[in-house]
Amino acid sequence: MYWTVVTLATAMVVGILASFSLTPSLSQEQPAEIQSIEYVSGPDAFLERGGASAVIVQLSPDRIELGRGESATVTVNLSHRAATDEFSELHLVPSNNQGYLGLPSSDKLTTIEERAELARQGKPIPGMINNSDMISFATQEVSVAAGNDQSVQMTVTVPEDLPDEMVGKSIHIAPNFEIREMQKASPDDASRAVLFPDMLTVIVVN
Amino acid sequence: MVGRVEYFDIRSMAAVSAAILLLIPVMTTGSAFAANPYIAGYRDSSTVHSASQFYGKVEFDGSTGASSYTGGVISISGRDGTAIESAVYQAPVTLQTDDDIVGDSQVYLGTTLEWYEQVAIGEHGSDDEDVDYVYYTFYWNGARTQVTFYYEPHYNDGTSSSATIETYTRVTGDDSDNFATG
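Residues numbered from 1 in each chain as written. Chains lettered and ligands numbered in written order. Predicted model: local features only at pLDDT ≥ 70, side-chain atom pairs only at ≥ 80, totals over all residues. Heavy atoms only, no water.

## Side note on the overall build of chain A
A count of helical and extended segments in chain A gives 4 helices and 15 strands. Sequence-distant contacts, at least 24 apart, represent 74% of the contacts inside chain A between residues at least 6 apart. Carbon and sulfur atoms make up 46% of the accessible area of chain A, which amounts to about 8900 Å² in all. (Helix = DSSP H or I, 4+ residues; strand = E, 2+ residues; numbered from the N terminus. Contact = heavy atoms within 4.5 Å. Areas by Shrake-Rupley, 256 points an atom, 1.4 Å probe, with all protein chains shown as cover.)

In structure tokens, the structure reads:
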């Protein structure tokens with residue numbers, strides 16, 4: 001994780017140019033001098049760029065094989081790395097927003113616009129299965145002090161009625177947690193602590 | 001107006017059909033604002049339009065053995081009426097050196113990282129369960145107060161997933177109600 005911040009040099013990104021006092025007038029907007037923007041990827045970059053706390057998720061195991069109707073337990077380790085003393089402890093609760101499984105046959109049932117909007121609203125998506133229906137957690141809240149780790153057990157159950165087309169194929173689940181402190185924060189402080197998820201792959205064997 | 005980026009191929013660094021889209025070949029710096037190689041596409045820089053939604057597709061076929069993070073990113077400024085705002089909305093799909101692929105939704109205000117969330121997308125490789133390609137989009141809500149980021153990885157075995165939705169709520173200092181595109 002040495003690499004942290006990606007820096008982009010671009011003549012085209014007009015947004016960043018506004019911060020360099022370019023004209024706001026439509027008629028006067030011109031291609032700009034080469035400026036630089038950057039994008040951040042990963043906890044190191046986030047903390048270097050002003051983030052207060054990073055919660056890093058690690059799953060063990062991160063790949064399992066299950067038949068339909070079968071369950072397995074996965075250990076979810078949550079590591080709280082803090083760059084400041086803003087959050088001495090974070091309280092994490094399993095989110096209702098756990099993503100969806102898309103069956104091979106589901107792609108043509110809706111458009112990406114429809115899927116994005118239905119997912120945003122937490123509504124069923126035709127041909128897709130809500131991951132929340134396949135996972136459960138042993139505890140509904142985990143507290144992790146800065147610099148410490150905590151683990152929670154997650155049970156994964158492959159639906160008994162999963163269609164035959166999924167046999168031999170994969171389910172991908174990245175357990176998601178809400179950070180309670182962030183829910184209370186104003187929008188201006190809404191990204192001071194960030195979750196960095198890990199992904200579980202379940203191979204459906206029969 | 002809706003902007004669309006299609007069939008953006010990391011391997012071939014194919015052409016870009018949208019207003020602002022940047023390809024990051026290889027960059028290994030921790031220092032901000034250093035000069036780095038880049039490829040940018042800009043269809044028409046003489047006129048700026050407004051758009052409420054952008055789409056992208058990223059494929060990492062052939063991108064093996066990356067020694068540095070690699071990715072495709074849509075990066076676009078906010079717009080308020082005809083004024084271009086200092087807010088920049090970015091939706092990178094990043095291939096990490098450990099072959100994990102993640103989505104790194106983020107918003108900058110000027111040079112300040114204002115908001116950031118990461119979603120897991122999958123692993124790069126040739127196994128059935130590895131990532132084939134990633135669709136992604138971000139868009140304003142009806143009230144123009146929030147921007148939703150959505151990533152949809154498709155895997156080699158024909159399955160797909162909808163990564164967890166991340167939503168940015170406009171903060172003080174960000175007056176955008178649209179995106180600017182050329």
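## Focus: the packing of aromatic side chains
Residues and elements named next belong to chain B. Under the counting rule described, the total for this entry stands at 16 aromatic pairs over all chains. Seen from their ring centres, phenylalanine 138 and phenylalanine 149 are 5.2 Å apart, and the 25° between their planes marks the pair as stacked. Placement of the pair is phenylalanine 138 in strand 10 (residues 131-140) and phenylalanine 149 in strand 11 (residues 146-155), with a sequence separation of 11 residues. Each member of the pair phenylalanine 138 and phenylalanine 149 is classed as buried. Through a chain of ring-to-ring contacts, three or more aromatic side chains come together here, namely Phe54, Tyr89, Trp115, Phe138, Trp140, Phe149, Tyr168 and Phe179. Its guanidinium or amino end placed over the ring of tyrosine 133, lysine 57 lies 4.5 Å from that ring's centre, counting from NZ or CZ. (Phe/Tyr/Trp six-rings, centres within 6.5 Å; stacked < 30°, edge-to-face > 60°. Buried < 20%, exposed > 50% of the residue type's maximum accessible area, 1.4 Å probe, protein only. Lys NZ or Arg CZ within 6 Å of the ring centre and 35° of its normal.)

## Let's talk about the pairing of strand 5 (residues 71-82) of chain A
All names here are of chain A. By the bridge criterion, 8 bridges tie strand 3 (residues 53-60) to strand 5 in an arrangement that is antiparallel. Its bridge partner lying in strand 5, valine 57 is registered against leucine 78. Pairing of strand 5 with strand 11 (residues 149-157) involves 9 bridges; the strand directions are antiparallel. Looking across to strand 11, one finds that threonine 73 is bridged to threonine 155. (Pairing = 2+ DSSP bridges.)

## What to know about the nonpolar core
A:Leu78 and A:Ile171 are the most contacted members of the largest nonpolar core, which has 37 residues in total. Broken down by element, the residue count for this core peaks at 4 residues, all from strand 5 of chain A. Those residues within four positions of A:Ile171 in sequence are excluded, and the remaining contacts are A:Leu101, A:Met134, A:Val158, A:Leu162, A:Met166, A:Leu200, A:Thr201, A:Val202 and A:Val204. Membership of the second largest hydrophobic core comes to 33 residues, among which are A:Met199, B:Phe54, B:Ala120 and B:Val134. (Core = buried A, V, L, I, M, F, W, Y, C linked by side-chain atoms within 4.5 Å.)

## Digging into the confidence of the model for chain B
All names here are of chain B. When pLDDT is averaged along chain B, the result is 75, and 71% of the positions lie at 70 or above. Across chain B, strand 11 holds the top mean pLDDT of 96, while strand 1 (residues 8-9) sits lowest at 32. Note on residues 1-43: pLDDT is under 50 here. Beyond four places in sequence and across chains, it has 143 contacts. Complex prediction metrics read pTM 0.82 and ipTM 0.84. (pLDDT = per-residue confidence, 0-100.)

## Remarks on a negative patch on the surface
On the surface, A:Asp62, B:Asp98, B:Glu123, B:Asp127 and B:Asp128 cluster together into a negatively charged patch. You can see B:Glu123 is positioned in strand 9 (residues 112-123). (Patch = residues over 30% accessible without salt bridge, like charges linked within 9 Å, V, L, I, M, F, W, Y side chains within 5 Å. Salt bridge = Lys/Arg side-chain N within 4 Å of Asp/Glu carboxyl O. Lys, Arg positive; Asp, Glu negative; His and termini not counted. Charge placed at Lys NZ, Arg CZ, Asp CG, Glu CD.)

## A look at the pattern of salt bridges
All names here are of chain A. Using the criterion set out here, one finds 9 salt bridges over all chains in the structure. The partner of aspartate 44 in a salt bridge is arginine 81, and the shortest N-O contact between them spans 2.9 Å. Here the residue aspartate 44 occupies a position in helix 2 (residues 43-48), and arginine 81 occupies one in strand 5, the gap between them amounting to 37 residues. We note a salt bridge from arginine 192 to glutamate 86, for which the minimum N-O separation is 2.6 Å. Taken together, the residues arginine 192 in the loop between helix 4 (180-184) and strand 14 (193-196) and glutamate 86 in the loop between strand 5 and strand 6 (89-94) connect sequence positions 106 residues apart.

## With respect to the sheet that holds strand 13 (residues 177-179) of chain A
All names here are of chain A. Spatial ordering of the open sheet is given by 10-6-13, a layout of 3 strands whose pairing is antiparallel. Of all the strands in the sheet, the pair left with one neighbour each is strand 10 (142-145) and strand 13. Averaged over all adjacent pairs, the angle separating strand axes in this sheet is 30°, with direction ignored. (Axes fitted to C-alpha atoms, helices over the stretch in contact; angles between N-to-C directions.)

## With respect to the sheet that holds strand 12 (residues 170-173) of chain A
Strand pairing in a sheet is mediated by backbone hydrogen bonds. Such pairs are either parallel or antiparallel. Residue and element names in this part refer to chain A. Here 3 strands make up an open sheet; going across it, the order is 4-15-12 and the pairing mixed. Both edges of this open sheet fall to strand 4 (63-66) and strand 12, since each of them pairs with a single strand only. Pairwise comparison of adjacent strand axes, ignoring direction, gives a mean angle of 25° for this sheet. Two elements, strand 12 and strand 15 (residues 200-204), share 4 bridges in a ladder whose sense is antiparallel. By the bridge assignment, histidine 172 is partnered in strand 15 with threonine 201.

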